[in-house]
Amino acid sequence: MDKQDGHVVGEPGAVRLDDPWYDPLASGWGESDDAADERNAGRNTAPTPVPSPRSAAHDEVYLTVQRSAAFQEVRRRYRGFVVPATALFLTWYLAYVIAATVAPGLMAHRIVGALNVAMFAGLGQFATTFLLTWAYARHARLRRDSAALDIRWETQELTGGNIR
């Protein structure tokens with residue numbers, strides 16, 4: 001008898017990873033509650049505890065924070081960086097794709113050795129991705145993080161701690 005993971009192969013409940021008929025949904029992931037209830041109908045299992053909803057007071061605190069001038073300022077700073085940066089990067093990317101499609105002669109123009117305009121523009125795409133990531137992290141650290149942390153602490157004090 002072969003054994004795998006402490007189970008005898010062929011025994012109910014023994015799962016072989018190389019089994020082509022292995023159904024990942026049998027583990028309960030991705031199923032609706034009705035399907036899981038039908039599958040567990042014959043077993044003596046305790047029902048899954050349902051988390052208690054937040055109180056109305058918590059909801060009111062979060063709505064108040066969302067309407068506050070400090071929160072709106074953090075959102076304004078976020079949008080002030082993200083919207084132009086996204087538009088600029090998408091324009092640069094689309095210009096690269098369109099130039100590669102419309103002007104293959106220009107993109108094939110050699111600059112240094114075997115490197116042509118298309119290679120430099122493609123490498124420029126990677127460089128601008130890293131540059132944009134660095135700029136976003138710097139902007140967040142210098143312009144938003146401290147204000148957002150202050151809002152978080154204020155919210156935690158108003159709600160009475162970290163209640164989920």
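Structure first, text after, so check above.
Brief notes about the pattern of salt bridges
Taken as a whole and assessed by the stated rule, the structure comprises 2 salt bridges. Glu73 is the salt-bridge partner of Arg76, the closest N and O atoms lying 2.5 Å from each other. Of the two residues, Arg76 and Glu73 both sit in helix 3 (residues 69-102), 3 residues apart, roughly one turn of that helix. Accessibility expressed as a relative area gives 49% for Arg76, which makes it partly exposed. The residue Arg77 makes a salt bridge to Glu73 at a minimum N-O spacing of 3.1 Å. With Arg77 and Glu73 both in helix 3 and 4 residues apart, the pair spans about one turn of that helix. The class for Arg77 is partly exposed, based on a relative accessible area of 30%. Given a relative accessible area of 27%, Glu73 falls into the partly exposed group.

Examining the packing of helix 3 against helix 5 (residues 117-159)
Here helix 3 crosses helix 5 at 180°, and the two axes come no closer than 10 Å. The angle between helix 3 and helix 5 places the two elements in the roughly antiparallel class. Here the contact of helix 3 with helix 5 is composed, by residue class, of 19 nonpolar, 6 polar and 3 charged.

How each quantity is defined
- Numbers given for residues are sequential positions, taken from 1 along each chain in its written order.
- At least 70 in pLDDT is required for a residue's local features to be given in this predicted model, at least 80 for side-chain atom pairs to be given and counted, and no such filter applies to totals for whole chains, interfaces and linings, which use all residues.
- As a rule here, side-chain values come from all non-hydrogen atoms in the structure, and water together with hydrogens is ignored.
- By salt bridge we mean one thing: a side-chain nitrogen of Lys or Arg within 4 Å of a carboxyl oxygen of Asp or Glu.
- Strands here mean DSSP runs of E at least two residues long; helices mean DSSP runs of H or I at least four residues long; both are numbered from the N terminus.
- For each residue, the accessible area found with a 1.4 Å probe, counting protein chains only, is set against the maximum for its type, and the residue is called buried under 20%, exposed over 50%, and partly exposed in between.
- For helices, the fitted axis covers only the stretch in contact; all axes are lines through C-alpha atoms, and the angles between them, taken along N-to-C directions, range from 0 to 180 degrees.
- Note on terminology: angles under 35 degrees are roughly parallel, angles over 145 are roughly antiparallel, angles of 65 to 115 are roughly perpendicular, and the others are oblique.
- Put simply, Ala, Val, Leu, Ile, Met, Phe, Trp, Tyr, Cys and Pro go in the nonpolar bin, Asp, Glu, Lys and Arg in the charged bin, and everything else, Gly too, in the polar bin.

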